[in-house]
Amino acid sequence: MKPYLKLDHIDKVFTRGNVSSEVLKDINLTLAKGEYVSIIGHSGCGKSTMLNIIAGLTTATMGGVLLEDREVNSPGPDRAVVFQNHSLLPWLTVYQNVQLGVDKVFARSKSKKEREAWIVHNLNLVQMTHAKDKRPSEISGGMKQRVGIARALAMEPKVLLLDEPFGALDALTRAHLQDSVMALHQKLGNTIVMITHDVDEAVLLS
Ligand SMILES: Nc1ncnc2c1ncn2[C@@H]1O[C@H](COP(=O)(O)OP(=O)(O)OP(=O)(O)O)[C@@H](O)[C@H]1O
Ligand SMILES: [Mg+2]
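Source: prediction; values computed, not measured.

Caption draft 1: Layout of the sheet that holds strand S4 (residues 62–67). The sheet built from four strands is open, its strands ordered S2-S1-S4-S5 with antiparallel pairing. Unpaired on one side and paired on the other, strand S2 (19–31) and strand S5 (70–71) mark the two borders of the sheet. Bridge count for strand S1 (residues 5–16) against S4 is five bridges, and the pairing is antiparallel. Bridge pairing links Leu5 to Leu67 in S4.

Caption draft 2: Molecular detail of a nonpolar patch on the surface. Where nonpolar side chains cluster on the molecular surface, the patch consists of Ile40, Val199 and Val203 and spans about 280 Å² of accessible area. Along the chain, the position of Val203 falls in helix H6 (residues 199–205).

Caption draft 3: Structural detail: the side chain of Thr196. Here Thr196 is to be found in the loop between strand S8 (191–195) and H6. There is a polar contact of 2.9 Å between the side chain of Thr196 and the backbone nitrogen of Asp198. Excluding residues within four positions of it along the chain, Thr196 makes contact with Ser38, Ile39, Ile40, Glu164, Glu201 and Ala202.

Caption draft 4: Inspection of the site of ligand 1 at higher detail. Taken together, the residues surrounding ligand 1 are Phe14, Val23, Ser43, Gly44, Cys45, Gly46, Lys47, Ser48, Thr49, Gln84, Glu164 and His197. A distance of 3.0 Å separates an oxygen atom of ligand 1 from a polar backbone atom of Gly46. Within the side chain of Ser48, an N or O atom sits 2.8 Å from an oxygen atom of ligand 1. When the free accessible area of ligand 1 is taken as 640 Å², the share hidden by the protein chains comes to 57%.

Caption draft 5: Highlighting helix H5 (residues 171–188). Its 18 residues give H5 an end-to-end C-alpha distance of 25 Å, which sits within 8% of 26 Å, the value for a rise of 1.5 Å per residue. Every buried residue of H5 is accounted for by Thr173, Arg174, Leu177, Gln178, Ser180, Val181, Leu184 and His185. Down the axis, H5 shows its buried residues gathered within 160° of arc, on one side only. Opposite the buried face of H5, at more than 90 degrees from it, the exposed residues are Ala171, Leu172, Gln186 and Lys187. In this structure, the buried residues of H5 make contact with strand S3 (36–39), helix H3 (112–125), helix H4 (141–154), strand S7 (159–163), S8 and H6. N-capping of H5 is provided by Asp170, with a side-chain oxygen placed 3.2 Å from the backbone N of Leu172.

Caption draft 6: Summary view of the packing of aromatic side chains. What the rule picks out here adds up to one aromatic pair. Between the aromatic rings of Phe106 and Trp118, the centroid separation amounts to 6.3 Å while the plane-to-plane angle is 80°, which identifies the pairing as edge-to-face. In this pair, Phe106 sits in the loop between helix H2 (94–105) and H3 while Trp118 sits in helix H3, placing the two residues twelve residues apart along the sequence. Neither Phe106 nor Trp118 differs from the other in exposure class; each is buried. Stacked on the ring of Phe106, the Lys or Arg Lys110 has its end atom at 4.8 Å from the ring centre.

What counts and how
Residues numbered from 1 in each chain as written. Chains lettered and ligands numbered in written order. Predicted model: local features only at pLDDT ≥ 70, side-chain atom pairs only at ≥ 80, totals over all residues. Heavy atoms only, no water. Pairing = 2+ DSSP bridges. Helix = DSSP H or I, 4+ residues; strand = E, 2+ residues; numbered from the N terminus. Patch = residues over 30% accessible without salt bridge, like charges linked within 9 Å, V, L, I, M, F, W, Y side chains within 5 Å. Areas by Shrake-Rupley, 256 points an atom, 1.4 Å probe, with all protein chains shown as cover. Salt bridge = Lys/Arg side-chain N within 4 Å of Asp/Glu carboxyl O. Polar contact = N/O pair within 3.5 Å; in protein donor to acceptor, adjacent residues only side chain to side chain. Contact = heavy atoms within 4.5 Å. Near = heavy atom within 4 Å. Expected span 1.5 Å × (residues − 1). Buried < 20%, exposed > 50% of the residue type's maximum accessible area, 1.4 Å probe, protein only. Arc of directions from axis to C-beta. Phe/Tyr/Trp six-rings, centres within 6.5 Å; stacked < 30°, edge-to-face > 60°. Lys NZ or Arg CZ within 6 Å of the ring centre and 35° of its normal.

Keep in mind these numbers describe shape, not what the thing actually does.
The following block contains the structure:
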């Protein structure tokens, strides 16, 4: 197997004053291109921390992350994250939240019209087109999560990082979105790391 995404001997220690807590110790993980890996573990064991390190949002205390043999040390559009606490920008509408990423990634390769159609396509995928002009404070938690998924999918990232992406959703929406993510994974062959508390979900998707 040719390594595509590699976590190499990662340690993470959080320090405040003279108190330090060791959250991750010697984490190694190697993914081939197109692999779909699920991470399961009890609450507080460091899953989100690990995902943030891959995203380049948190730096490892020791060790590092390599994507296609290049070291990752800052966030980039090649690694999109669906956060556990759906972090949408509160001053932007649903549409604009998705647009932000799309405009960044496809500024050159798609025309303005094509980008608009692409944003709508991804909002359709998560069934959020009807609320495209609402702001995050005006929609429910599950709806925010769906917008977060649309935003990440719309960027067609090399690596998709999903932190309990289907956690706050009802069973029907969850099944629908799981299907969408699987279809996308088949179509694009992107590499996915997903955190979940649901063993069945991990088995189904990975
Ligand atoms: N910025 C931070 N500063 C200090 N400690 C932190 C920070 N972020 C996380 N931690 C600590 O690191 C540990 C792991 O947190 P993390 O969010 O990675 O857990 P998790 O596995 O994602 O849990 P959950 O399943 O509940 O989401 C926790 O003990 C948490 O308190
Ligand atoms: Mg977490």
